[in-house]
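Residues per chain, in single letters:
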Amino acid sequence: MSAFTLHDLQCFDAVARSGGFQPAAELLHRSHPAVHAAVTRLEQQTGLQLLDRSGYRVMLTPAGHSFHRKAQATLAELAALQVHAQQLAMGEEDELRVVIGDMCPQREVLATLAAFFRSRPATRLHVQVEAVTGPTERLYDGDADLIVHGVDQSDPRIEWMPLSKIPFVPVVAPGFLRFPVSRAIKPAQLREYTQCVIRDTARHMQGRDYFMVEGANQCSVPDQQMKKEIILQGLAWGHLPRFLVERELEEGSLLSIAGRYLPGSVEQLVAARRSDRPHGPVAQELWEFLSSSKSQPAGRS
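As a convention, each chain's residues are numbered from 1 in the sequence order in which they are written. Owing to the predicted nature of the model, reporting of local features is limited to residues with pLDDT of at least 70; listing and counting of side-chain atom pairs is limited to 80 or more, with chain, interface and lining totals taken over all residues. By convention in this description, side-chain values take in all heavy atoms of the structure and omit both hydrogens and water.

## Regarding the layout of surface pockets
Selection criterion: A cavity here means a set of points on a 1 Å grid, drawn over the protein atoms and nothing else, where a 1.4 Å probe fits but cannot get out; a pocket is an open set with protein on both sides within 12 Å along at least five of seven lines, and a residue lines either one if it has an atom within 4 Å of a point. Grid points are joined across faces, edges and corners, and a volume is the space filled by probe spheres set on the points. Only DSSP runs of H or I covering at least 4 residues are called helices, and only runs of E covering at least 2 are called strands; the numbering of each starts at the N terminus. The nonpolar class holds Ala, Val, Leu, Ile, Met, Phe, Trp, Tyr, Cys and Pro. Asp, Glu, Lys and Arg form the charged class, and all remaining residues, Gly among them, are polar.
Volume-wise, the second largest pocket comes out at about 350 Å³. Pro105, Gln106, Arg107, Phe243 and Leu244 are, among the 15 residues lining the second largest pocket, the residues nearest its centre. If you list the elements that add at least two residues to the lining of the second largest pocket, you get α5 (106-117), α7 (224-232) and α8 (242-251). The greatest single-element share of the lining of the second largest pocket, amounting to three residues, is contributed by α5. Across the lining of the second largest pocket, the residue classes tally to seven nonpolar, three polar and five charged.

## Considering the pattern of salt bridges
Cut-off, in case you're wondering: Here, a salt bridge means any Lys or Arg side-chain nitrogen found within 4 Å of an Asp or Glu carboxyl oxygen.
Following the criterion strictly, the structure yields 18 salt bridges and no others. In this structure, Glu246 and Arg242 form a salt bridge, with 3.7 Å as the shortest nitrogen-oxygen distance. Here Glu246 pairs with Arg242, and both are found in helix α8, just four residues apart, close to one helical turn. It is possible to trace a salt-bridge network through shared partners that takes in Glu130, Glu137, Arg138, Asp143 and Arg203.

## A word on the nonpolar core
The cut-off we apply is this: Definition used in this section: a nonpolar core is a set of buried Ala, Val, Leu, Ile, Met, Phe, Trp, Tyr and Cys residues joined via side-chain atoms within 4.5 Å. Between buried and exposed lies partly exposed: a residue is buried under 20% and exposed over 50% of the maximum accessible area for its type, with that area taken using a 1.4 Å probe on protein chains only. The contact definition used throughout considers only heavy atoms, calling two residues in contact when any of these lie within 4.5 Å.
Counting 31 residues, the largest nonpolar core has Leu146, Leu269, Ala271 and Leu286 as the members making the most contacts within it. Mapped onto this core, the elements with two or more residues apiece are β3 (95-100), α5, β5 (146-149), β6 (158-172), α8, β11 (265-274) and α9 (281-293). A per-element tally of this core places β6 first, with six residues. Leave out the neighbours within four places in its chain, and Leu146 touches Arg97, Val98, Val99, Ala271, Ala272, Arg273, Leu286, Trp287 and Leu290. Phe12, Ala25, Val35 and Ala38 belong to the second largest nonpolar core, which has 19 residues in total.

No statement about biological role is implied by the geometric values presented.
Printed below as a string of structure tokens:
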């Protein structure tokens, strides 16, 4: 068996994933004959029939399936090595862009960032606050090196580390409702009352609706602090992070209406970055700093 090349492996992988030589050629931006020749050469070098060409679409043979699994692992390792080489070639970044989401306890998170950047005076920290889907969109668009927010934890493009759990609780000001506050309130009973919601800062991603009562009037605000003030003044009701209203709940200036039908939620706050892009040395140090400190910036419940 003679040695085969990376190019041959890439062509075989593209054919296996796309189901044909022409779509593989388009995927790799190469010619059809070049891809066909590479796969044929790979079969000759390994002494294996990797593809069944008898049908309309080429199919993997049993040997092809087994070989493809190993080939994919090898190609993934190579991609990781290429990213690592890019990281090593980078000098210290002039700037790191961190996006903080709306459910983030800002004081604690900023204190953690300050502790890290005090010893990195050559790198400027650029902090941006976004809401709802905005932080994730900035990460996908390449406008953020790191976000502190909630993410789709199944997305392979993202790597993340848990920071803390953020409980959200539905609250009203005393006297806002024209019926007694209880744990049996249903969303339909709130339809005639204004609901305060956070304005999504995503520019093109489809947003998500959290806790929305269908048919209710809404007022939208840019952040949780403004939302809290609107609710405190009896202008609306809404869900707020418990860490933000702990004192008001104890004092009675806000009342929880959480119950069987309005359970609230517990969201996972994470630090997240792209897993498919290189990260410079300072960005990597920040990631390791967050991982080692695990300061749990909002672990109150």
